[in-house]
Structure formats: structure tokens, C-alpha cells
Amino acid sequence: MLLYNSATHKKEEFTTHTPGHVEMYTCGPTVYHFAHIGNLRSYIMEDVLEKFLRYDGYNVNRVMNITDVGHLSSDADTGEDKMVKGAKREHKTVMEIAQYYTDAFFDDCRKLNIKTPDVVQPATGLIDEFITLVEGLLDKGYAYLAGGNVYFDTSRLERYYIFNDHDEEDLAVGVREGVEEDKNKRSKNDFVLWFTKSKFEDQALKWDSPWGVGYPGWHIECSGISLKYNGEYLDLHCGGVDNAFPHHTNEIAQSESYIGHPWCSHWFHVHHLNTNDGKMSKSKGEFLTVSLLEEKGYDPLVYRFFCLQSHYRKGLVFTWENLDNAAGAYQKLIKKIAALDPADGPVDEAVVSEYREKFRTQVGSDLNTALGVTALYDALKAKTGGATRLAILDSFDQVLSLSLLDKAAAVREEQKKQKASSQGGCTITGEGDPAVDALVLQRYEAKRAKNFAEADRIRDELKAQGIEVTDLPGGASWKRV
Ligand SMILES: [Zn+2]
């Protein structure tokens, strides 16, 4: 697979430390609020990447953290802890907030067909490991104590900026207006590994450490969790592009200083989703969540389909109109698949593997999901039987995860029911209950045979069940009232 590497700024042939096996890490959510669909764009694209690697024959061990402590309002070490902020807002404990929003996050993932990673680790469950890491960094001279906190000393690194060549002043942390500078830091890029003194009012969760009671910084958790579950050689690290600096930059600094050799060979960053007014999470004051999409009548998979139509390294503009277009295209696609006859077989394996190969090349070119979607339309037009075309689509959907065959089967089932109700030149339309369809048909037959007493008796029986029948030319329709 050819994949863009943000660390080298170019597309590279994807290789792994152990042939055939991928150690993959994903920065997980900070569980203080619902994920907005901009966040979820990253998780969708990372899910497609993982599934593509498996499709390509790799074994994948994918690890994700859940941030339930230490992530302050700014990604640098300033502002209030996001979890504490969430707890105050909802008058709950930090752990209640963490559990509630962790569950909400995985609910969203399920609705979007995002597979749960092999390992999911909440930060609060691994505090001892983080302490060991910080001790190691202090021992090796990469960290220092100041004002009661432990800081990483970026001046010890030959190269700190990995993902960009920007001028240090442009990127320096703590220079934004309204953000107070931490006077304990020797250099403004230094970052907190362990807090014991600052940011303590209201901090609910604290642990004993060699430096006093405190809590870990945000960046150390990803290094700690990845080193524990992925080992010292990470093949692929994923996240939203906003995490590249300072979060991922700091992860590299910590991990490589601790293990003493290069850590992660490939960095995958998903770009932003923006609305027309330039915001990532809101549209006209509405917070964009999966639940909001559902309330407005969208199938969450329409959002997945919408994301797949564009490249992960390009910004994506969200408007309701764009989503409507995606919904229309998705429904049309399902209908076309439903029109294929599964009994039109047998499956021609040679044709299936020919299409699989093409799909691997297309999507394997820097995760080109738009070409993956186009491949679905090509498969529909393949000059082969329905069963073979369905097998090709099924194969592609292992990566795209749009539930195509299930949805098409449901459409086919619905069509079958409607057909079954259409007998003897009479069409019964209703709410899909075969028992009611049968009664309405009996009444129709009775009327046709001029047995009006029987027809009225059935009408009354249906009425007693709360069902209203309307006669139509050539049949009848019914509804529950
Ligand atoms: Zn992370």
C-alpha cells in the first residue's frame, strides 16, 4: 500500500517492523462531551484504513486510549481539565461523566460501522505505567522538576518539530492571547509529564507518585498505552491533523527518549471537517452529533458514505445540502444492488479476484476511498451474473462498511411482501403486516363476490383492531389509526 507519511511529508510504500503484522495506535476521545461528526470523520477514515490493511492480508493489533484525565482545555498545559469542566456542567462526578460519554462514543461508532479497536484503555487504568515512564525520563535527563511539576526538557532533543518546518515562534505554545504562560517551564515548548502543584483546584482524581500526589499530563498517556500494548516498534499512528502539534510531537519526544531508538515509522493524519461558517462542530448553533443526524431522519451510514466520497487529506465541507446529496446517492446505490438477483449464479471466483485486485490498487493508493466508492458502481456494471456481482460488492464492503448487502436484502424483502399482497389483480398496500394484508384481501374478495355482509363483518373486525381500510381502484390500502 502507498500511504502518505506526515513525518516524511511524502507518500511511501507502507512497511511494517514485523512482516505481515501491523501495530497500530489511534488517539481516542476525551470523554467529557459527545463526539461531534468532525471528530468522527477521523475515526471513520482510521477504521477504513484498518480494514483495508486486513483486506490487504495484514494482521492488525489496534490500540486506542480513552482520555479520562489530564487533558486541559488547551492542548498545551493550560486551562481547566476538560473532564472536570464536563463534571461541573452536569453536576456529576468525573468518573460518571467518563462512563457516560465513553458509552455514547461507542454507540456512535456502532451506528457508523466503526469497529472497536482490539485494545481500548482508559488513561486512569494505567497510572503506574505513566509514573514508570516519567521516572525513566527523569533518570535519563530528559525531564526536570520545577514548581512541583515534572516537565519534559525539549532542549535535550536534536529535532523536536517532526511534522512541520514552521518557525518556532509560530508554533510556540502559550503565545496565544489569553493563555497564561507557565513560568516553571525552561522553554515554552516544554510540556508537563506529571502535575502535582498547578491546576489543582477541583481536580477530583489524583494519585500518589514519587513527586507527590498528582495526575499525569495528557501526552504521556498515549506514549504509555502504546508502549504497553503495541511494544517499542509502532508501525502506524493515527489521529486528527489538529493532534499533530503539540500532542503527537510530544508523544514522539517522550517515547523515543525513553526507549532510545526510533518509535513510530508511519503517521496518518485526517484533515478537518468544516461547516460553511468555518466551524468544525456546529452548524447554525446546532452541535453536530450522530444523534442530531438521526433526529433529522438521516441514516448514520449516509454520513459514513459522505466521508468516503472525499480524500482524508483534504478538508471536507459539511452542509445539509451535501448530506442530502449523499443520502440520495446512497439510497439509489442500495436500490441498484437490490435489483441484482442472488440466484443468478454461480459465483465466478476468477472475476471476483480480478475486481478485488483492482480495488486493492485503487484504494491502496493513499487510501483513496472515493475510488473505492466508484468501484462499487463498476461492480454493478460487471458483465457477469447477479451472484458474482453481489460477491464483488460484498468483498468491497469489508473495507467500506456501508452495510450494502444487508440493506439491499431488506429492500428485496420489502418488495417481496408487496408482491405477495398483490394477488388476483388486487393490490393491498399497508404497513407490512401479512396477517392484516390477508384480512383486507378477504374483504376485497367478499366485496367482489357481492357478499357485502361478510365484507362489512371483516371491516368491523379490522376497525376493532384500530385499522382503517380505504378502497382504491383495483385494491385497498390500510393503516393503523
Ligand atoms: Zn494521543
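Sequence order as written defines the numbering, with residues in each chain counted from 1. Local features in this predicted model are restricted to residues whose pLDDT is 70 or higher, and side-chain atom pairs enter the listing and the counts only when it is 80 or higher, whereas totals over whole chains, interfaces and linings include all residues. Working from all heavy atoms in the structure, the side-chain values ignore hydrogens and water.

## As for the overall build of the chain
Each helix is a run of DSSP H or I of at least 4 residues and each strand a run of E of at least 2, with the numbering of both proceeding from the N terminus. A tally of regular secondary structure across the chain gives 16 helices and 19 strands. Two residues form a contact once any of their heavy atoms are found within 4.5 Å. When contacts within the chain are restricted to residue pairs at least 6 apart in sequence, those whose partners lie at least 24 apart make up 74%. Averaged over its 56 positive side-chain charges, the chain has a centre that lies 7 Å from the centre of its 73 negative ones. Note on charges: Lys and Arg go in the positive column, Asp and Glu in the negative column, and His and the chain ends are not counted at all. Taken as the charge location is NZ of Lys, CZ of Arg, CG of Asp or CD of Glu.

## Notes on the side chain of threonine 369
Note on placement: threonine 369 falls in helix α12 (residues 369–380). Engagement of the side chain of threonine 369 in a polar contact is seen with the backbone oxygen of leucine 308, the distance being 2.8 Å. The term polar contact refers here to a pair of N or O atoms within 3.5 Å; inside protein, the definition further demands a hydrogen-donor-capable atom paired with an acceptor-capable atom, and it admits residues adjacent in sequence only when both atoms are side-chain atoms. A distance of 3.4 Å separates a polar side-chain atom of threonine 369 from the backbone oxygen of serine 310. Threonine 369 has contacts with Met45, Val48, Cys307, Leu308 and Ser310, leaving out every residue within four places of it along the chain.

## What about the sheet that holds strand β7 (residues 149–152)?
In this scheme, strands are said to pair when DSSP sees at least two bridges between them. One open sheet accounts for 4 strands, arranged β6-β7-β8-β9; its pairing is antiparallel. Looking at the sheet topology across the chains shown, the edges are occupied by β6 (143–146) and β9 (215–216). Strand contacts of helix α7 (residues 244–259): β7 and β8 (191–195), with the helix running at about 65° to β8, the strand carrying the most contacts. Only the contacting stretch of a helix is used when fitting its axis, a line to C-alpha atoms as for every element, and angles between N-to-C directions run 0 to 180 degrees.

## Some thoughts on a positive patch on the surface
Patch definition: residues with relative accessible area over 30% and no salt bridge; like charges joined within 9 Å; nonpolar side chains (Val, Leu, Ile, Met, Phe, Trp, Tyr) joined within 5 Å. To measure how exposed things are, a 1.4 Å probe is used in the Shrake-Rupley method; for residues, cover is taken only from the protein chains shown. A carboxyl oxygen of Asp or Glu within 4 Å of a side-chain nitrogen of Lys or Arg is what we treat as a salt bridge. A contiguous patch of positive charge on the surface is contributed by Lys332, Lys336, Lys381 and Lys383. Along the polypeptide, lysine 383 turns up in the loop between α12 and α13 (386–400). Burial here depends on accessible area, computed with a 1.4 Å probe over protein chains only, as a share of the maximum for the residue type. Under 20% is buried, over 50% is exposed, and the range in between is partly exposed. Classification of lysine 383 by relative accessible area gives exposed; the value is 86%.

## A short note on the pairing of strand β3 (residues 21–26)
Here β3 lies mainly inside the structure; 5 of its 6 residues are buried. Looking at chain direction, β3 and strand β4 (residues 59–66) are connected through 6 bridges and run parallel. Bridge pairing in β4 links valine 22 to valine 60. Think of it like this: strands point away, you trace from the first strand over the helix to the second, and a clockwise trace means the crossover is right-handed. After leaving β3, the chain enters helix α1 (residues 37–55) and then returns to the sheet as β4, a path that is right-handed. With 3 bridges connecting them, β3 and strand β10 (residues 236–240) associate as parallel partners. Bridging from a neighbouring strand, tyrosine 25 pairs with histidine 237 of β10.

## A word on helix α11 (residues 349–363)
What a helix should span is 1.5 Å times the count of its residues minus one. Here α11 is 15 residues long and its end C-alpha atoms lie 21 Å apart, about the 21 Å a rise of 1.5 Å per residue gives. Burial in α11 covers these residues: Val351, Val352, Tyr355, Phe359, Gln362 and Val363. Around the axis of α11, the buried residues are gathered within 100° of arc, so they sit on the same side. Looking at α11, the residues exposed on the side facing more than 90 degrees away from the buried face are Glu349, Ala350, Glu354 and Thr361. Of the surrounding secondary structure, the elements contacted by the buried residues of α11 are α1, α12 and α13. It is the directions from the helix axis to the C-beta atoms that the arc portrays.

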